[in-house]
Amino acid sequence: MLNDSYRMTGFKSAIERVVRPGARVLELGGGTGVMSFFASRHASKVWCVERNPEIAGAAKRILSLNPGFEKIEVVEADASEYLPPEPVDVLICEMLHVGMHREKQIEVISSFKKRYIERFKTSLPLFLPEAAFLAAQPVQQSFDFSGYYAPIILFQDPYCEKKETIGLGDPFVYQMVQYNENLPEHFSWDGIVSISASGVLNALRFITKNILAVLVSENSTIDWHNQYMVVPLPAPINVKKDDKIHIIFSYKPGAQLEALVKSIIAIRQ
Ligand SMILES: C[S@@+](CC[C@H](N)C(=O)[O-])C[C@H]1O[C@@H](n2cnc3c(N)ncnc32)[C@H](O)[C@@H]1O
């Protein structure tokens, strides 16, 4: 994660823009501690909450090698239960996987919001990320691995087009997540997709664009994409331009990938 330059520069610039001098910051799921370190450059206090004792220990050790560590308190706790001792200005939470699978970002933030309002009776902090767009795209994917055909889930670098993946239609947004609003307990799509190029539709490519910060004065946002995920369809469909395909899928945020895979249906209209 520390080696992922897009992730690091995106979060660093968003944190620098959002965390004002003297701010109090809470990070849920602190991992390496790097986001708390970025926050500590301007913040007066940062609580960095990490559930895994080994990771929390490593974060403490690494943070102590960097300037500003005295402002950061690494707390070994479950983010679904922890609240800071006082209200905070910014909440950083990056328990993110493409499509919001596997990691409990939504569950943890929903629980935090409820408990925070009950305890502090004040407005919620700024969320970083602020929002996310979840999209899927019909694609033709090569599942040939040196002559071995294996239709399996694949992950891709989002910042580098792959010749093995051919887009057969535009990505469609199936869910928008705004962390300061009510958060969805279920994601689903049931709709018709237009095909824009002929080929073999054999997979859906899942795209998750995180809006790390909204820069109102500049009319822009700081964004970061999770890895793309290509999920094979139950059966390939030969398609041509202007064909309409009925696509259905659903899963719960934080669920394992099997739930999505089992739910996918694709039928020519
Ligand atoms: C994707 S990592 C991100 C870490 C951090 N943003 C970084 O850059 O190093 C998510 C972290 O959240 C932690 N985590 C997951 N669930 C948690 C929970 N319920 N409470 C506290 N930490 C949790 C994991 O152990 C992991 O270190």
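Overview of the structure. Quick caveat: nothing in here was measured; it's all calculated off a predicted structure.

Moving on: the overall build of the protein chain. A count of helical and extended segments in the protein chain gives five helices and 17 strands. Computed over C-alpha atoms, the radius of gyration of the protein chain comes to 20 Å, within 12% of the 18 Å expected from 2.2 N^0.38 for 269 residues, which places it in the range of a compact globule. Along the longest, intermediate and shortest principal axes, the C-alpha atoms of the protein chain span 60 × 40 × 40 Å. In the protein chain, buried positions account for 50% of the 269 residues. The contacts of the protein chain with a sequence gap of at least 6 include a subset with a gap of at least 24, amounting to 74%. Side-chain charges of the protein chain comprise 28 positive and 30 negative groups, with the mean position of each set lying 1 Å from the other.

Here the focus is the packing of aromatic side chains. Inspection of every chain in the model, using the stated rule, returns eleven aromatic pairs. Ring centres of Phe-37 and Phe-38 lie 5.9 Å apart, and the angle between their planes is 45°; this geometry places the pair in the tilted category. Of the two residues examined, Phe-37 and Phe-38, each falls in the buried class. Three or more aromatic residues link up through ring pairs in this structure, and these residues are Tyr-174, Phe-187, Phe-206, Phe-249 and Tyr-251. The ring of Phe-120 carries Arg-119 above its face, with NZ or CZ at 5.7 Å from the centroid.

The next point concerns the site of the ligand. Arg-7, Thr-32, Glu-50, Ala-79 and Glu-94 are the nearest of the 18 residues found near the ligand. Residue Arg-51 places a main-chain N or O atom 3.2 Å away from a nitrogen atom belonging to the ligand. Look at the ligand: alone it shows 600 Å² of surface, and the protein chains cover 90% of it. Taken atom by atom, the bulk of the ligand overlaps the largest pocket. Of the residues in the shell around the ligand, the class split is seven nonpolar, four polar and seven charged.

A separate point is the layout of surface pockets. In this model, the largest pocket occupies a volume close to 880 Å³. Met-1, Glu-94, Met-95, Leu-96 and Glu-103 are, among the 38 residues lining the largest pocket, the residues nearest its centre. Taken together, the elements giving at least two residues each to the lining of the largest pocket come down to α1 (5–18), α2 (34–40), β2 (45–50), α4 (105–120) and β14 (220–225). Two domains each put at least three residues into the lining of the largest pocket: domain 1 (5–94) and domain 2 (131–268). Of the voids in this model, the second largest pocket is the one considered here, and its volume is about 220 Å³. Lining the second largest pocket are Arg-17, Val-18, Arg-20, Asp-89, Val-90, Leu-126, Glu-130, Ala-213, Val-214, Leu-215, Val-216 and Ser-217. Mapped by element, the contributors of at least two residues to the lining of the second largest pocket are α1 and β13 (199–215). Residues belonging to the lining of the second largest pocket are distributed by class as follows: seven nonpolar, one polar and four charged.

Procedures and definitions
Residues numbered from 1 in each chain as written. Predicted model: local features only at pLDDT ≥ 70, side-chain atom pairs only at ≥ 80, totals over all residues. Heavy atoms only, no water. Helix = DSSP H or I, 4+ residues; strand = E, 2+ residues; numbered from the N terminus. Rg over C-alpha atoms; globule rule 2.2 N^0.38 Å. Buried < 20%, exposed > 50% of the residue type's maximum accessible area, 1.4 Å probe, protein only. Contact = heavy atoms within 4.5 Å. Lys, Arg positive; Asp, Glu negative; His and termini not counted. Charge placed at Lys NZ, Arg CZ, Asp CG, Glu CD. Phe/Tyr/Trp six-rings, centres within 6.5 Å; stacked < 30°, edge-to-face > 60°. Lys NZ or Arg CZ within 6 Å of the ring centre and 35° of its normal. Near = heavy atom within 4 Å. Polar contact = N/O pair within 3.5 Å; in protein donor to acceptor, adjacent residues only side chain to side chain. Areas by Shrake-Rupley, 256 points an atom, 1.4 Å probe, with all protein chains shown as cover. 1 Å grid on protein atoms, 1.4 Å probe; cavity = no way out; pocket = protein on both sides within 12 Å on 5 of 7 lines; lining within 4 Å. Sits in = over half its atoms within 2 Å of the grid points. Nonpolar A, V, L, I, M, F, W, Y, C, P; charged D, E, K, R; others polar. Points joined across faces, edges and corners; volume = space filled by probe spheres on them. Domains from an automatic or database assignment.

These figures capture arrangement, not role.
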